Amino acid sequence: MLYRTAGQFKTSYKADQALFPVRQDAILLGIIMVFAWVIFPFTASEFAFQTMLIPVLIYALASMGLNILTGYAGQLSLGTAAFMGVGAYACYKLLTIMPWMNPVVAIFLSGFFSAGIGVVFGIPSLRIKGFYLAIATLAAQFFLVWLFEKWAWLYNYNASGAIQVPNTTTLGTYVTGPLASSMTQYYVVLGIVTVMTILCINLTRGNLGRMWKATRDMDIAAELIGINLMKSKLIAFAISSYIVGVAGALYVFMWKGAAEPNLFDIPLSFEILFIAIIGGLGSILGNFLGAILIVGLPVVLNLLPDALGIPISSALVEHLNIMIVGSLIVFFLIIEPHGLARLWALIREKLIIWPFPH
Amino acid sequence: MKHWTKIAAAAAATALIGSAAIAEGLFAPNLSYRTGPFAATGIPLMNGQKDYMAMLNARDGGIGGAPIDFAECETGYSTQKGVECYEKTKGEAIVTQPWSTGITLQVLPKTNVDNIPILAPGYGFSPMMDGKTFQWAFNTPSGYWDGADMIVQYLESQGDLSGKKIAFLHLDHPYGKEPIPIFEQLAAEKGFEFTPIPVGLKEMQNQSAQWLQIRRMRPDNVIMWGWGAMNAGAITEAVKTKYPMDQFIGVWWSGHDADLALVGDAGKGYKSISWSFPNLDAPVMADIKKHVVDAGLSDSNETEMNGVFYARGIIISAILSEGIAAAQAEYGTAEINAEQLRWGLENINMTEERIAELGLDGMVPPFSTSCANHTGHSGGWMLEWNGTGFDKVSDHMTPNVDGYRALAAEKAAEYATANAPWPTNDACDAES
């Protein structure tokens, strides 16, 4: 009913290939955009910004980076957190060496460092695949975290080995550091995530995306039809690491405010991999859905007992939370092994043909 | 996509809670960790803190007539959850107790903006002792640098240190690295050889490589700065490699009864410096038994209540309640706010008489804080494991703070520059 496509005729190839062939999709996205850009920022409390809105966006971006590599180009990676770390440390060094630099520019630049490192650790992908490649990227994970700990220049010889985000301004308002307001930070994150998402959607629909998908589905066949595997895989590593690096810089500069090397250890890599898998590999929307489930939902669940006035201890809530989120993950993967994005796609299809199923 | 509505619902729920949480009394939340990898050490501390506050509520009806709402927010020692708890509680809270170096690091820069005192008793960044720079942070009654200094003093009292070899087994983490500058400074002064041996977070339970190094090096003493599973790992490994236990000294967080109970008699002679002591005969213990345990309000048990960590939890709550009481007396109101508590924490005066009055005899050394001195430098005692519990084996020791006052000021200034613009409280004089 709501999703009836009757009457929406495509009269040109251009219309047929549009990003939103169904008008309702565009309307729905528009509503979400209004929520994200206008309604949330003006109604959210400091708590909602810091524990839900900002982290969900940042995790979704990191997962999007991983999804380019794993979901589209088929190269399994366990080094996401380390590449995020490269972005964060690069951004920190850029801003402390050149304090006059605009923080947003620094965040975009720091992605390039991460992309470079990503390409280096992507070279083994030319010879090995699947789980073997996962092990090679795991090496990046261990090596880089070790480097963050041992190379004191990276954290400006700070005695505790941690990096602290300096207060920096853009156009007279604080953007990073403790003096920045959550709303400013949210808009910066939202802006960057929006730009990156548009970029990713277009990349994956275009020539590169098709090349990656061919590589993912069968690399020998891809090579036979003339795809340069080296180019395809290394570009995937570069672009994926760039996005992940930007997400890492945002993670520390727009959200955490301080970071120790072990923040970028393997649990973070796994968390992002889970977001990508539960959201749906090979989809852009899935990253956002996955991030909401993994990052946002536990926060909401933690609030529930208080909001409903159920007096249970905070530790018990935490235990219940872990159990509930765990079983939800299992539940969603059983009803739709391809992730939440696929689940949404099925729901949408059903809505389009409703009330007359085939 | 409908998940977005969940966010909206959550935002609404938060707003609701924000207004609903204005409870009667003083809201002093604790960012507890009863879950996760460090829960074993967290639970006795949290229980001690909670039981003391529950006792005050039951016995005296709170502090100065205002009941204490001592809510816990579970972090599992995770920084992310910690910041979540901080954001959730900061609206109405008069204090934040972050309970982890990671959380302290993140929350510290925000306190100047949010105007809420951080109480980090015996942990956190040592230069926080400089109250001029760190107006909102308190690591009373002793910081890590105090601990390092007292351990070296104790070793010196056992014999000349020059030419001796001291190994420093520490967690490779901001917490473990914290005392290194002081040890290095003292090593240069006293002429001992100082070797840091880091233990990675992932190797906490498997320290065979580190102990092999210790065996080869044959140090005269091993000093440990461990936490969580690392302590038990190091103590069992030391027993296994037959390292003489009486030459093995830990910081206060490395003196957990349960870790030593694992090895029992084999651990005899192991020492830990501490600013708290479980004096089971102290009146406060009887009060807690009467008002909290017998009333069924406690989550603790007999063994745990005899331990060092439970007693430390009591002391931590006692410090907070002293701060609250000082602020109430100064401002003439029971319902103090965060700003007033900051003043109170700056004006704690724990004299011997006051300690006896509170029923904490022999559980904490006397100390006082001031505007410029946020630590108090209480000093402490050397505790020794006797196979079943800890005994005091030294007199009250006091750290030689003058030895590192300049270093603290320098580090504090560095921190302030890195976080510029950082307001300092120039009304304080530098003396403490």
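Parameters and conventions
Residues numbered from 1 in each chain as written. Chains lettered and ligands numbered in written order. Predicted model: local features only at pLDDT ≥ 70, side-chain atom pairs only at ≥ 80, totals over all residues. Heavy atoms only, no water. Axes fitted to C-alpha atoms, helices over the stretch in contact; angles between N-to-C directions. Helix = DSSP H or I, 4+ residues; strand = E, 2+ residues; numbered from the N terminus. Parallel < 35°, antiparallel > 145°, perpendicular 65-115°, else oblique. Contact = heavy atoms within 4.5 Å. Nonpolar A, V, L, I, M, F, W, Y, C, P; charged D, E, K, R; others polar. Salt bridge = Lys/Arg side-chain N within 4 Å of Asp/Glu carboxyl O. Buried < 20%, exposed > 50% of the residue type's maximum accessible area, 1.4 Å probe, protein only. Buried area = accessible area lost by both parts, 1.4 Å probe. Pairing = 2+ DSSP bridges. Disulfide = S-S within 2.5 Å. Polar contact = N/O pair within 3.5 Å; in protein donor to acceptor, adjacent residues only side chain to side chain.

Re the packing of helix α2 (residues 23–43) of chain A against helix α7 (residues 182–205) of chain A
Residue and element names in this part refer to chain A.
Then, in step 1: It is the contact of α2 with α7, at a shortest axis distance of 10 Å, that shows an interaxial angle of 170°. Classed by the angle they form, the pair α2 and α7 counts as roughly antiparallel. Between α2, through Met 33, Ala 36, Trp 37, Val 38, Phe 40, Pro 41 and Phe 42, and α7, the contact on the second element is made entirely by Met 183, Tyr 186, Tyr 187, Leu 190, Gly 191 and Thr 194.
Then, in step 2: When the residues that make up the contact of α2 with α7 are grouped by side-chain class, the tally is eleven nonpolar, two polar and no charged.

Some details on the pattern of salt bridges
Then, in step 1: Summed over the entire model, instances satisfying the criterion amount to 23 salt bridges over all chains.
Then, in step 2: Notably, a salt bridge pairs Arg 59 of chain B with Asp 60 of chain B, separated by 2.8 Å at the nearest N-O pair.
Then, in step 3: With a relative accessible area of 33%, Arg 59 of chain B lands in the partly exposed category.
Then, in step 4: Residue classification places Asp 60 of chain B among the partly exposed positions, given a relative accessible area of 41%.
Then, in step 5: In this structure, Glu 156 of chain B and Lys 190 of chain B form a salt bridge, with 3.4 Å as the shortest nitrogen-oxygen distance. Here the residue Glu 156 of chain B occupies a position in helix α5 (residues 144–157), and Lys 190 of chain B occupies one in helix α7 (residues 180–190), the gap between them amounting to 34 residues.
Then, in step 6: For Glu 156 of chain B, a relative accessible area of 33% corresponds to the partly exposed category.
Then, in step 7: For Lys 190 of chain B, a relative accessible area of 24% gives the class partly exposed.
Then, in step 8: Each of the salt bridges in this network shares a partner with another, and the network as a whole consists of Glu 46 of chain A together with Glu 87, Lys 90, Lys 110 and Asp 114 of chain B.

Quick look at the interface of chain A and chain B
Reports of interface size often rely on the accessible area that becomes lost once the parts have come together.
Then, in step 1: If you look at the interface, chain A gives 49 residues, while chain B gives 40 residues.
Then, in step 2: Between chain A and chain B, the buried area comes to about 4,500 Å², and carbon and sulfur atoms account for 66% of it.
Then, in step 3: Run the count over chain A and chain B and you get four salt bridges.
Then, in step 4: In this structure, the salt-bridge partner of Lys 202 of chain B is Asp 265 of chain A, at a minimum N-O distance of 2.8 Å.

Remarks on the sheet that holds strand β13 (residues 390–392) of chain B
All names here are of chain B.
Then, in step 1: Pairing is mixed in the open sheet, where seven strands are placed in the order β6-β5-β7-β8-β9-β12-β13. The open sheet has two edge strands, β6 (193–199) and β13, and neither has a second partner. Across the sheet, the mean angle separating the axes of adjacent strands is 25° when strand polarity is ignored.
Then, in step 2: Of the strands in this sheet, β5 (165–171), β6, β7 (221–225) and β8 (248–250) are in contact with helix α9 (residues 229–240), which crosses β7 at around 160°.

Considering the state of the cysteines
Then, in step 1: What the rule picks out here adds up to one disulfide over all chains.
Then, in step 2: Here Cys 73 of chain B engages in a disulfide with Cys 85 of chain B; their sulfurs sit 2.0 Å apart. Here the disulfide of Cys 73 of chain B and Cys 85 of chain B is left-handed, its torsion about the S-S bond being about -75°. One end of the pair, Cys 73 of chain B, is in the loop between β2 (68–69) and α3 (79–89); the other, Cys 85 of chain B, is in helix α3, with twelve residues separating them in the sequence.
Then, in step 3: Given a relative accessible area of 9%, Cys 73 of chain B falls into the buried group.
Then, in step 4: Cysteine Cys 200 of chain A shares no disulfide, and the gap to the nearest cysteine sulfur, in Cys 91 of chain A, comes to 19 Å.
Then, in step 5: Judged by its relative accessible area of 0%, Cys 200 of chain A falls in the buried class.

Thoughts on the environment of Trp 99 of chain B
All names here are of chain B.
Then, in step 1: Within the secondary structure layout, Trp 99 lies in the loop between α3 and α4 (101–114).
Then, in step 2: The exposure class assigned to Trp 99 is buried, which follows from its relative accessible area of 4%.
Then, in step 3: Sequence separation between Trp 99 and Asn 419 is 320 residues; the distance between their C-alpha atoms is 22 Å.
Then, in step 4: Setting aside residues no more than four positions away along its own chain, Trp 99 makes contact with Asn 30, Leu 31, Tyr 33, Leu 45, Met 46, Gln 49, Tyr 77, Tyr 123, Trp 253 and Ile 316.
Then, in step 5: For Trp 99, the side chain forms a polar contact with the side chain of Gln 49, separated by 3.0 Å.

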